[in-house]
2 protein chains.
Amino acid sequence: MKVTSKQIAELCGVTRGTVDRALNNRPGINEATREKIMKVAGELGYRPHFLAQSLVKGQTKTLGIVLFDMYNRIFSQLFHAFEAEARRHGYFVYLVLTNKDKALEIEYLNNLLDRKVDGIAMSPVNMGPTLDSFLKESGVPVVTFTNRVSAKVPFVWIDDKQAMKTAVHHIASKGYQRILYVSPPLRYKGKSNIYVPEQRYKGFIEACTELPDISYTVITDYDYLESLLRLIAESDEKPAILCSSDIYALDVMRFLKVNDIRIPEQAGVMGFDNIDILHYVDPALTTIDFHVDEIGRRAAEQLIASIQGRDIPRRTHVGYAIIERDSL
Amino acid sequence: MKVTSKQIAELCGVTRGTVDRALNNRPGINEATREKIMKVAGELGYRPHFLAQSLVKGQTKTLGIVLFDMYNRIFSQLFHAFEAEARRHGYFVYLVLTNKDKALEIEYLNNLLDRKVDGIAMSPVNMGPTLDSFLKESGVPVVTFTNRVSAKVPFVWIDDKQAMKTAVHHIASKGYQRILYVSPPLRYKGKSNIYVPEQRYKGFIEACTELPDISYTVITDYDYLESLLRLIAESDEKPAILCSSDIYALDVMRFLKVNDIRIPEQAGVMGFDNIDILHYVDPALTTIDFHVDEIGRRAAEQLIASIQGRDIPRRTHVGYAIIERDSL
DNA sequence: CTGTTAGCGCATTCAG
DNA sequence: CTGAATGCGCTAACAG
């Protein structure tokens, strides 16, 4: 079980220095003694003590990834790709979940630093100023996704603003002249890091100003479904309901169904994210797809590059595309 | 940043032994010197070096959890609860994904052992004999879920067999006399650890023999949807389609819809697992719910108890319940 | 009460 | 080519 390099040294009648040279095939050792040592080590099932190695080398081959939760499919997929890439490079990963608790996030980051992770990937819930200095002082490479922290810390995601603009133009091209924009997270402005919904919102507004024929209303209520119903009834114009995330679109569809409003005959619905469960809903939801796997993979890739001292881009955008289905 | 106990010792004019006594509030130290040391440590932002600590204490306060993937919602939920409980006890967790690759599973287990995790929780893909001796030799506490390994390694899950029996009786009580049982994983018998589908299958068969009026067919084909269609057409008797997991039930519902077979008018459908996305499908799927959070929590709880040298049960079953909805 | 010493298991000098 | 010595940062047992 727990055989050490010292024991191997004794068994082979050499010192630990020599054993080390053999094991890590370093130069300066007789081929015969190397083979003997390797043989003994193999027979004894020697495995280097990772902690001791880490302690002396100053690197743990471990990454930390900090996510909100695992309920959102986006994170499951992202983690999957991240972990695969990390493992490909010999890194293990600590996964910690903040549940969007700002104090917990800081605490967990500290714990990860204590454990001397070589790098951290995170979806931040704290806001720029708080995290910025913290991360800089830590001295550990970091990459972020979902919410951005600041210009200083690398960010891998999509161009939410541009993507949402594309969505609005798509809706307009289908003949809609009235859009109800649903984005409950906007309510947390100033209280939490809501970079993503804000970017999407900006894109929405920009597009609408470019399209003078479009009338629109923004819904950020907690009870957005009720508000929606009221708004739909207010006008005879058939609305397109554009949601900042699929999860809201899904709830909207359910709700409209219950209220006997047919999709897309009486109202169009469009989401954003293309989460995998859309596969099972009816009518099929039109949405925006982006390669979350690629985000996970590249976040890991860049983080590791950064650990190795290479320069990495401050911002990386992966592609997106409108997936036209039956709801709009 | 990187202040060590040695530096604090020098600054306070004492030795590291004394500093250690203060920091870990061990007895045998003057209250005045303790306070001084604590003060200096606080000002310098001293944080113990976790690796060094682990090395000397022989424990890492780290758990490993080995899962198939993150695509199945069950695992996301289970992990969520597991991580929360682990953190509550000061443990961090390495999450590794096997993608049901048997060789990878063994490799990852070895890596986790190298990293001296204090315990391992896993959803095994290898089969009993292979894992049993491996895990015993490792000397590390282990708990399993999903698939069982053997009588020797603790297992936290539900009583799949009994639950499936309940499902069949429920179907019978609704007046169905014909059941089509869908369970593609059964095809991997002997090639992979399919404890769960096997248990459910046993429960199904047992219940059917108890209910002589029921006729049934078991479908394990890769193209189970096509087979299903053929079987439905073979008889005028309205069938109940019982699936060993919700994911198959979801595909079945989609497929029946495409083929204009109305649920539940022309065929009943029932699933198993009550995964959260059922919330969004129509008609609402009747299924069996079990508390996967509780499984995650108790797995962590028991694993930690086992690490602390306490005895833990060889088998723990959490509850389940039929969720009656509109598909049957 | 405090200082000294000896590891934990390995990597990396520097001599020989 | 190999041995001996030193250190990573911390804990623990033994003196004083």
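Model, not experiment: these values are computed from the prediction.

Enquirer: Could you give an account of the overall build of chain A, with specific residues and numbers?
Expert: Looking only at helices and strands, one finds 12 helices and 12 strands in chain A. Along the three orthogonal principal directions, the C-alpha set of chain A runs to about 90 × 40 × 30 Å. A burial count over chain A gives 53% of its 328 residues as buried. Considering only contacts in chain A between residues 6 or more positions apart, those separated by 24 or more positions represent 69%. Split by element, the accessible area of chain A, about 14,400 Å² in all, is 48% carbon and sulfur. Of the side-chain charges in chain A, 41 are positive and 41 negative, and the distance between the mean point of each set is 9 Å.

Enquirer: Could you give me a rundown of the relation of the copies chain B and chain A, with the residues and numbers involved?
Expert: Superposition of chain B onto chain A requires a rotation of 180 degrees combined with a translation of 0.0 Å along the rotation axis, giving an RMSD of 0.1 Å. Expressed as an axis order, the relation between the two copies is that of a two-fold axis. Judged by C-alpha distance, Tyr94(B) is the residue of chain B that lies nearest the rotation axis, at 2.3 Å. Interface overlap between copies: 100% of the residues of chain B at the interface are likewise at the interface in chain A, consistent with a symmetric, same-surface contact.

Enquirer: Can you lay out the environment of Ile241(A) for me, pointing to particular residues and giving the numbers?
Expert: Residues and elements named next belong to chain A. With respect to the helices and strands, the residue Ile-241 is situated in strand E8 (residues 240-243). Along the sequence, Ile-241 and Val-96 sit 145 residues apart, while their C-alpha atoms lie 35 Å from each other. Ignoring sequence-local partners within four residues, the contact set of Ile-241 consists of Leu-180, Val-182, Leu-228, Ile-232, Val-252, Leu-256, Ala-267, Gly-268, Val-269 and Met-270.

Enquirer: How would you explain the protein's contact with DNA strand D if you had to name every residue and give the values?
Expert: Asn30(A), Ser5(B), Arg16(B), Asp20(B) and Tyr46(B) are the nearest of the 24 residues found near DNA strand D. The sugar-phosphate share of atoms of DNA strand D within 4 Å of the protein amounts to 65%. The contact in question runs from a phosphate oxygen of DNA strand D to an N or O atom on the side chain of Tyr46(B), over 2.6 Å. Going through the elements one at a time, helix H2 (16-23) and helix H4 (50-57) of chain A together with helix H2 (16-23) and helix H4 (50-57) of chain B are the ones with two or more residues in the surface near DNA strand D. For the surface near DNA strand D, the per-class residue count stands at 8 nonpolar, 12 polar and 4 charged.

Enquirer: Quick rundown of the protein's contact with DNA strand C? Include the residues and the values.
Expert: Taken together, the neighbourhood of DNA strand C is formed by 24 residues, with Ser5(A), Arg16(A), Asp20(A), Tyr46(A) and Gly28(B) sitting nearest. Put simply, 62% of the atoms of DNA strand C that lie within 4 Å of the protein are in sugar or phosphate. The backbone of His49(A) places a nitrogen or oxygen atom 3.1 Å from a phosphate oxygen of DNA strand C. Contact distances for DNA strand C include 2.8 Å between a phosphate oxygen and a backbone N or O atom of Asn30(B). Elements that contribute at least two residues to the surface near DNA strand C include exactly H2 and H4 of chain A together with H2 and H4 of chain B. For the surface near DNA strand C, the class distribution of residues is 8 nonpolar, 12 polar and 4 charged.

Enquirer: Give me the lowdown on the sheet that holds strand E6 (residues 178-182) of chain B, citing residues and values where you can.
Expert: Strand pairing in a sheet relies on backbone hydrogen bonds. The paired strands run either parallel or antiparallel. All names here are of chain B. Read across the open sheet, the 4 strands follow the order E7-E6-E8-E9; overall the sheet is parallel. The outermost strands of the open sheet, each flanked by one partner alone, are strand E7 (215-219) and strand E9 (268-270). Taking the axes of each pair of neighbouring strands and ignoring which way they run, one obtains an average angle of 20 degrees across the sheet. Note that E6 and E7 share 5 bridges and pair parallel. Among the inter-strand pairings, Leu-180 is bridged to a residue of E7, identified as Thr-217. Together, E6, strand E8 (240-243) and E9 form the strand contacts of helix H8 (residues 160-173), whose direction differs from that of E8 by roughly 170 degrees.

Enquirer: Run through the pairing of E8(A), naming residues and quoting values.
Expert: All names here are of chain A. Side chains of E8 alternate between two faces, with Ala-240 and Leu-242 and Ile-241 and Cys-243 buried alike. Inspection of the sheet shows strand E6 (residues 178-182) paired to E8 by 4 bridges, in the parallel sense. Bridging across to E8, Val-182 finds its partner in Cys-243. Bridge analysis of E8 against strand E9 (residues 268-270) gives 3 bridges, and the strand direction is parallel. Counterpart to Leu-242 in the pairing with E9 is Met-270. Handedness of the crossover is the feature at issue here: the chain leaves E8, passes through helix H11 (residues 246-258), returns alongside E9, and the resulting connection is right-handed.

Enquirer: An account of the nonpolar core is requested, with residue identities and associated values reported.
Expert: One finds Ile241(A) and Ile241(B) to be the most contacted residues of the largest nonpolar core, which totals 158 residues. In terms of nonpolar packing, the next biggest core, distinct from the first, is built from 36 residues, Tyr94(A), Phe92(B), Leu131(B) and Val149(B) among them.

Enquirer: Quick rundown of the packing of helix H10 (residues 224-233) of chain B against helix H11 (residues 246-258) of chain B? Include the residues and the values.
Expert: Residues and elements named next belong to chain B. Here H10 crosses H11 at 60 degrees, and the two axes come no closer than 11 Å. Between H10 and H11, the angle falls in the class oblique. Considering only the axes of H10 and H11, their crossing is right-handed. Counted together, Tyr-224, Leu-225, Glu-226, Leu-228, Leu-229 and Ile-232 of H10 and Tyr-248, Asp-251, Val-252, Phe-255 and Leu-256 of H11 form the full contact between these two elements. A breakdown of the residues in the contact of H10 with H11 according to their chemical character gives 9 nonpolar, no polar and 2 charged.

Enquirer: Give me the interface of chain B and chain A: which residues, what numbers.
Expert: How big an interface is tends to be stated in terms of the accessible area lost upon association of its parts. In this complex, chain B contributes 48 residues to the contact, which on the side of chain A involves 49 residues. Here chain B and chain A share an interface that buries about 4,700 Å² over both sides, 60% of which is from carbon and sulfur atoms. Where chain B packs against chain A, one counts 4 salt bridges. In this structure, the salt-bridge partner of Lys257(B) is Asp282(A), at a minimum N-O distance of 3.7 Å. The interface formed by chain B and chain A holds 18 residue pairs in polar contact (both at pLDDT 80 or more) in total.

Enquirer: Tell me about the packing of aromatic side chains, residues and numbers included.
Expert: Following the criterion strictly, the structure yields 19 aromatic pairs over all chains and no others. Within the aromatic cluster, the residues linked to one another by ring pairs are Phe92(A), Tyr94(A), Phe92(B) and Tyr94(B). Its guanidinium or amino end placed over the ring of Phe272(A), Arg200(A) lies 3.7 Å from that ring's centre, counting from NZ or CZ.

Cut-off values and rules
Residues numbered from 1 in each chain as written. Chains lettered and ligands numbered in written order. Predicted model: local features only at pLDDT ≥ 70, side-chain atom pairs only at ≥ 80, totals over all residues. Heavy atoms only, no water. Helix = DSSP H or I, 4+ residues; strand = E, 2+ residues; numbered from the N terminus. Buried < 20%, exposed > 50% of the residue type's maximum accessible area, 1.4 Å probe, protein only. Contact = heavy atoms within 4.5 Å. Areas by Shrake-Rupley, 256 points an atom, 1.4 Å probe, with all protein chains shown as cover. Lys, Arg positive; Asp, Glu negative; His and termini not counted. Charge placed at Lys NZ, Arg CZ, Asp CG, Glu CD. Least-squares fit on C-alpha atoms with pLDDT ≥ 70 in both. Near = heavy atom within 4 Å. Polar contact = N/O pair within 3.5 Å; in protein donor to acceptor, adjacent residues only side chain to side chain. Nonpolar A, V, L, I, M, F, W, Y, C, P; charged D, E, K, R; others polar. Pairing = 2+ DSSP bridges. Axes fitted to C-alpha atoms, helices over the stretch in contact; angles between N-to-C directions. Right-handed = clockwise from strand over helix to strand, strands pointing away. Core = buried A, V, L, I, M, F, W, Y, C linked by side-chain atoms within 4.5 Å. Parallel < 35°, antiparallel > 145°, perpendicular 65-115°, else oblique. Left-handed = near helix turned anticlockwise from the far one by under 90°. Buried area = accessible area lost by both parts, 1.4 Å probe. Salt bridge = Lys/Arg side-chain N within 4 Å of Asp/Glu carboxyl O. Phe/Tyr/Trp six-rings, centres within 6.5 Å; stacked < 30°, edge-to-face > 60°. Lys NZ or Arg CZ within 6 Å of the ring centre and 35° of its normal.

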